[in-house]
There are 4 protein chains.
Amino acid sequence: MPATTTSVDAAAETECAPRRGRPRSAGVDEALLTATLELATEVGVNGMSMDVLAQRVGVSKATIYRRWPSKEALVLDALQHAIKPFEQVDTGTLRGDLDLYLGELAERMTNGSASDILPHLIEVSVRDEMLRASLDDYVRMRRQPLRTIIERAMGRGELPADTDVDVLLDAIISPFIYRRLLSHDAMDDDFVRRLVALVLPGI
Amino acid sequence: MPATTTSVDAAAETECAPRRGRPRSAGVDEALLTATLELATEVGVNGMSMDVLAQRVGVSKATIYRRWPSKEALVLDALQHAIKPFEQVDTGTLRGDLDLYLGELAERMTNGSASDILPHLIEVSVRDEMLRASLDDYVRMRRQPLRTIIERAMGRGELPADTDVDVLLDAIISPFIYRRLLSHDAMDDDFVRRLVALVLPGI
Amino acid sequence: MPATTTSVDAAAETECAPRRGRPRSAGVDEALLTATLELATEVGVNGMSMDVLAQRVGVSKATIYRRWPSKEALVLDALQHAIKPFEQVDTGTLRGDLDLYLGELAERMTNGSASDILPHLIEVSVRDEMLRASLDDYVRMRRQPLRTIIERAMGRGELPADTDVDVLLDAIISPFIYRRLLSHDAMDDDFVRRLVALVLPGI
Amino acid sequence: MPATTTSVDAAAETECAPRRGRPRSAGVDEALLTATLELATEVGVNGMSMDVLAQRVGVSKATIYRRWPSKEALVLDALQHAIKPFEQVDTGTLRGDLDLYLGELAERMTNGSASDILPHLIEVSVRDEMLRASLDDYVRMRRQPLRTIIERAMGRGELPADTDVDVLLDAIISPFIYRRLLSHDAMDDDFVRRLVALVLPGI
DNA sequence: GATTAACCGAGACGGTACGTCACGTCTTTAA
DNA sequence: TTAAAGACGTGACGTACCGTCTCGGTTAATC
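Structural notes, computed from the coordinates. Here the structure is a predicted model, which means the values were calculated and not measured. (Residues numbered from 1 in each chain as written. Chains lettered and ligands numbered in written order. Predicted model: local features only at pLDDT ≥ 70, side-chain atom pairs only at ≥ 80, totals over all residues. Heavy atoms only, no water.)

1. Some words on the side chain of Asp136 of chain A
Next, step 1: Mapped onto the secondary structure, Asp136 of chain A falls in helix α8 (residues 129-156).
Next, step 2: The charged side chain of Asp136 of chain A is buried without a salt bridge, its nearest counter-charge being Arg140 of chain A at 4.5 Å.
Next, step 3: There is a polar contact of 2.8 Å between the side chain of Asp136 of chain A and the side chain of His184 of chain B.
Next, step 4: In contact with Asp136 of chain A, other than residues within four places in its own chain, are Leu182, Ser183 and His184 of chain B. (Helix = DSSP H or I, 4+ residues; strand = E, 2+ residues; numbered from the N terminus. Buried < 20%, exposed > 50% of the residue type's maximum accessible area, 1.4 Å probe, protein only. Lys, Arg positive; Asp, Glu negative; His and termini not counted. Salt bridge = Lys/Arg side-chain N within 4 Å of Asp/Glu carboxyl O. Polar contact = N/O pair within 3.5 Å; in protein donor to acceptor, adjacent residues only side chain to side chain. Contact = heavy atoms within 4.5 Å.)

Given below as structure tokens:
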């Protein structure tokens, strides 16, 4: 499980060095990530000041910057931390898997607050090489469950062996992002059904 | 032609009111929009300071804030102002229209500087009702050329009359946005061909 | 009759030139001086903005600056305009004259609002040659009534012929200014009596 | 020792509180007060901008506003800080004391730069309760040396026991202020001599 | 137990941008 | 020519935030 490159993973440090001196306070990482998510969701990433965050958690700013190199690194970590992994969908049929997965995706996209953070990270990543890499990782990770569903269906023969998986993933996932960020159109069951009908007309 | 809600359209005002007092300096709007686009592209929207912008255009900050209520309103207006409308594509066939249109879209997405501004506006629009409305307008406008192409093809019988146009537009356009903003994958000819093959398999 | 050097006196202009074009609106000078005094008294000279003043009088800023070269010139003119000249005191005795004059001076200093403007003019006059000259004129004028009283008393023999008038005036008037501007001590009848007892012990 | 109400006196805080956090940079208060006096003297209080002041001292504006709530509070503090206390005059006779003290007062009033700041503070104090209190303190303090001289002379019998000290102080000091701020008349030895001859004719 | 090194809170620091405000000038149309 | 309206450049204001630094004071592992 992904020790991100932007945050210093406490556990990882513990195992490789004896670490003299006072150890980092337990639970502070957790508390900060949670509070970051809350605050960023409430008032936006730009609206969230590090001073306020520190005060709310009862921590000094130095303590934050000892753990993350910048506000954005913290925010990205908070975003990654917030993902409840999709529990592995496996109904036995492509139809069933898609219904389950895309239904939950639509629901998350519609109600999930965390996504409000994404635009900020996208913006900063335009100028920040480091952050862009982390963001790419994050994005790739989010595609994995659907990729598994597709590939399993190919294995079962429900989809042709020469299916263009990458583009298929794009065509399925990106409309969700697009509607969430840009057009603000609804993502209801009807939308999901029509999208599947379009890109996977056979089933 | 869309007089946006965020900027005061000089022409519109001229026609409805006698306009007393010293009129707005001619060309300043134009110069500011252009410079905004340049600066925002060079250093990012956040990196662009209103003081520097004013100085570069040879204008006072007050003059800017007299025209736009905030930095974001200005940036959005600059973005809308920057769109060179797609010249109407009409090769006679859906195949030809798509090749032309999507080719240019891919090229713009890859090299177009303006898109760096989009993420910033997306972020702010999450919290700013007004801006979100303007952004929605902008997005809808950008979809129009492709919609025309599709509907023309339906008229010619190249596409079935019950084609789900809205979702089809989503499925075609959003992967470009997705790759531009999130996955940073390439948008070459190969990608375009494969995407079309997926969503419009017949053609 | 106080045609100040800082303001263009409407009457004076009328008599020396035929003045082509639209004549200056009558009463505007008066209205501006009055409003200036009011505003400056309400919110202080610094707190009074020319825009607000213009709006309140229903006049454009250009109209003001056509009449006075600067805010301070206007304010000074307003101050001079506001002085109700002391009606000539002449009771026949020094004692009586002083009682009357100093009593009214104390009352004006205590309740007069106009004096709040003085400190501002003093400050600006430090850096403004022109204004300082005008202010000096104003000050000298204010001393005149008391000077007359003293000199009349000398003529009557109530005061020795070698009385040091200038310093005597200083010693009498300046404590009023001092208490008004700096120490904020009271200026009641008792104070007047004691001051006279000090500088004019014989009477 | 005058811990002013407008500035946070570092020493005072140290003794009463444990002082957590990074301590205020040493010498910055001093440097700011000095530079303020210089700048205000050079270009006037209004002509002195906080940005320039900060830059000249090599300090950020926030650092200034952390120490004083406003420009005026800073300026007043600078003024109080600048007073070189009159070394206690004691020649043994009233005559000698007055010659010494008033001579220096006249010299300071004539050449002293600090007094240019006073008019500004007077103006602001009209609207600012807080500042007025501080200014009153300052004024009272400045009167003290002369008060001592007078009272000592009373003790020696050089002045009658029922001398009206307060009004006497007014009558001596205020003409200096008056000439400095308003009439701009000279304050030479002759003036001092004549003033003393007037208010203290016996000696 | 003493040392030591990293931690902790608080909060001051330099830098930089923000959006507002006022002054005095300039440029329109209307009278 | 003057008037009202109001845009203009200049430049200061005081606030906010970032990321760094500096205090005095813990808190373990090492000596």
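2. Considerations on the protein's contact with DNA strand F
Next, step 1: Surveying the vicinity of DNA strand F reveals 45 residues, the closest of which are Ser60 and Thr63 of chain B, Thr63 and Arg66 of chain C together with Tyr65 of chain D.
Next, step 2: Protein-adjacent atoms of DNA strand F, using a 4 Å cutoff, are sugar or phosphate at a proportion of 67%.
Next, step 3: Contacts to DNA strand F include Lys71 of chain A, whose side-chain N or O atom sits 2.8 Å from a phosphate oxygen.
Next, step 4: At a separation of 3.1 Å, a phosphate oxygen of DNA strand F approaches a polar backbone atom of Ser25 of chain B.
Next, step 5: Listed by contribution, the elements that provide at least two residues to the surface near DNA strand F are α3 (50-57) and α4 (61-67) of chain A, α4 (61-67) of chain B, α4 (61-67) of chain C together with α3 (50-57) and α4 (61-67) of chain D. (Near = heavy atom within 4 Å.)

3. Quick word on the relation of the copies chain C and chain D
Next, step 1: Of the transformation superimposing chain C on chain D, the axial component is 0.0 Å and the angular component is 179 degrees, with the fit at an RMSD of 0.3 Å. Both copies are brought into coincidence by an operation consistent with a two-fold rotation axis.
Next, step 2: Interface overlap between copies is the fraction of interface residues in one copy that are interface residues in the other; for chain C against chain D it reaches 100%, indicating a shared surface. (Least-squares fit on C-alpha atoms with pLDDT ≥ 70 in both.)

4. Remarks on the interface of chain C and chain D
Next, step 1: The interface is formed by 41 residues belonging to chain C together with 41 residues belonging to chain D.
Next, step 2: Both faces combined, the contact of chain C with chain D buries some 3700 Å², and carbon together with sulfur accounts for 59% of it.
Next, step 3: The interface formed by chain C and chain D contains four salt bridges.
Next, step 4: Residue Arg179 of chain C pairs with Asp170 of chain D through a salt bridge whose shortest N-O separation is 2.5 Å.
Next, step 5: Run the count over chain C and chain D and you get 19 residue pairs in polar contact (both at pLDDT 80 or more).
Next, step 6: Within the residue set of the side of chain C that touches chain D, elements represented by two or more residues are α2 (28-43), α7 (118-127), α8 (129-156), α9 (165-183) and α10 (189-199) of chain C.
Next, step 7: Residues belonging to the side of chain C that touches chain D are distributed by class as follows: 22 nonpolar, seven polar and twelve charged. (Buried area = accessible area lost by both parts, 1.4 Å probe. Nonpolar A, V, L, I, M, F, W, Y, C, P; charged D, E, K, R; others polar.)

5. What to know about the interface of chain A and chain B
Next, step 1: Between chain A and chain B, the contact holds 41 residues from the first and 41 residues from the second.
Next, step 2: In total, chain A and chain B occlude about 3700 Å² of area from one another, counting both sides; carbon and sulfur atoms represent 59% of this.
Next, step 3: Inspection of the chain A/chain B interface yields four salt bridges.
Next, step 4: Between Asp164 of chain A and Arg194 of chain B there is a salt bridge, with its nearest N and O atoms 2.5 Å apart.
Next, step 5: Where chain A meets chain B, there are 19 residue pairs in polar contact (both at pLDDT 80 or more).
Next, step 6: Of all the elements in the fold, those that place two or more residues in the side of chain A that touches chain B are α2 (28-43), α7 (118-127), α8, α9 (165-183) and α10 (189-199) of chain A.
Next, step 7: Counting residues per element, the side of chain A that touches chain B draws most heavily on α9 of chain A, which supplies 14 residues.
Next, step 8: Its residues placed into classes, the side of chain A that touches chain B shows 22 nonpolar, seven polar and twelve charged.

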